[in-house]
Amino acid sequence: MTLARPLRAAHPHLAPLLGGLFVLVGSLSIQLSAAVASDLFDTVGPLGVSGLRMAVAAVVLLVLVRPSVRGRSRRAWTGIVLYGVAMAAMNVLFYNAVAHLPLGIAVTLEFLGPLTVAAVATTRRRELLLPALTLVGVLLVSSPGGGLTLLGLVFGLGAAIAFGGYTVLAGRVGGDTDGLDGLALSVLVGAVLLSPFSVHAAPRVDGGGWGVLALSAVLGVVVAFSLDFLAVRITSVRVVGTLFAVDPVMGALVGAVALGQTLTAGVVLGIVLVVGSGAVVIWLAGRRAAELGADQAPPAAGVVPGVVPAVPPTSLPAPAQTVSPEPAPPSGASRS
């Protein structure tokens, strides 16, 4: 897992494409996790399932990663704790939003978080069209209608803030820690914060239910969160924030394939908009990375940037001649 940064450095033009693939697989893992754990919602409750799943995922990550708690700066620990808080808050606030709002509205409100992060990180005004198109696509896929309540709106916007924080903090924690150490510790923080729900729900889980929870935890937390974490590390919060729109799209596709649900013309158009805007974001990020890599290409062998090479004595001009050396090339170029 420590190959994220070398991969980005060696293949900058491929990193956005790989990051998009990570987000796509992570989204599929989340949908499959929800489908696996859906039978437990009636007996354990959504928040109980969420807390137990986070606890199981924390144990799995701690065993696999074995993160060290020593030698971390205050900044690193602050990021780890806030990342875990964002994970826990996403679960609690979103499920409460769903309890007071139609699912389509709750999904749309939550997506405003990473969408805002993507828009703020956009440096060119004309590219703000891409997050806008993505939002239109999410609206079409989620089909939000009536039923908006003040309490539901508060929970939905709170989930959006938590989701936006999750997106930003994935980049911060990834930059401050090696491998998946920071992620494992953040999931542990999230599990501790959700422990009131998991402790209350644990006695209602039978033997077979624990196997279902373990599978759901691996798919929905260990795999999905790890891929999100790595996607931000090799691309940017702008790219990943836009690509998170694939979640409702993946839900609609899984519902159509696995549950036989019908995709309306509006949903199909929404999927096209989300996929199209995501593809453009990945293409633009890859092109910029390639251009930046070309601008920062290493100098030729034996040439030190900023230093005029010495001329061998045998090739010195006659004393009567005056030579004006060419200026040395700059060590790097900044894009305007």
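Preceding this section is the structure that the text describes.
It should be emphasised that the depicted structure is a prediction, and the values quoted were computed from it without experimental measurement. (Residues numbered from 1 in each chain as written. Predicted model: local features only at pLDDT ≥ 70, side-chain atom pairs only at ≥ 80, totals over all residues. Heavy atoms only, no water.)

*Asks:* Whenever I open this one, unusual backbone geometry confuses me. Can you help?
*Replies:* Phi is mostly negative for residues that are not glycine, and the peptide bonds are mostly trans. In the Ramachandran plot, Arg66 falls in the positive-phi region, its phi being about 50 degrees despite a non-glycine side chain. Taking the relative accessible area as the measure of exposure, Arg66 reaches 69% and is therefore exposed. (Buried < 20%, exposed > 50% of the residue type's maximum accessible area, 1.4 Å probe, protein only.)

*Asks:* Where do I start with the environment of Arg66 in this structure?
*Replies:* Inspection of the secondary structure assignment puts Arg66 in the loop between helix H4 (46-65) and helix H5 (74-100). With 115 residues separating them along the chain, Arg66 and Asp181 place their C-alpha atoms 7.4 Å apart. (Helix = DSSP H or I, 4+ residues; strand = E, 2+ residues; numbered from the N terminus.)

*Asks:* I keep staring at the nonpolar core and nothing clicks. Help me out?
*Replies:* Looking at soluble globular proteins, one finds that nonpolar side chains tend to be buried together. Within the largest apolar cluster, 57 residues are counted, with the highest numbers of intra-cluster contacts made by Met54, Tyr83, Met87, Tyr166, Leu183, Val187 and Phe225. Residue contributions to this core peak at eleven residues, all from helix H11 (residues 207-234). Among residues more than four places away in sequence, those in contact with Met54 are Met87, Asn91, Val187, Gly190, Ala191, Leu194, Val221 and Phe225. Judged by nonpolar contacts, the second largest core, of eight residues, contains Leu40, Leu52, Ala201 and Val205. (Core = buried A, V, L, I, M, F, W, Y, C linked by side-chain atoms within 4.5 Å. Contact = heavy atoms within 4.5 Å.)

*Asks:* Just checking my understanding: could you explain the packing of aromatic side chains for this structure?
*Replies:* What the rule picks out here adds up to seven aromatic pairs. Aromatic pair Tyr83 and Tyr166: ring centres 5.5 Å apart, planes at 35 degrees, arrangement tilted. Remark: Tyr166 occurs in helix H8 (residues 150-176) and Tyr83 occurs in helix H5; sequence separation between them is 83 residues. Neither Tyr83 nor Tyr166 differs from the other in exposure class; each is buried. Between Tyr166 and Phe225, the ring centres sit 5.4 Å apart and the planes meet at 55 degrees, which makes this aromatic pair tilted. Of this pair, Tyr166 sits in helix H8 while Phe225 sits in helix H11, placing them 59 residues apart in sequence. Classification of Phe225 by relative accessible area gives buried; the value is 8%. Every member of this aromatic cluster is reached through a ring pair, and the members are Tyr83, Phe163, Tyr166, Phe225, Phe229 and Phe244. (Phe/Tyr/Trp six-rings, centres within 6.5 Å; stacked < 30°, edge-to-face > 60°.)

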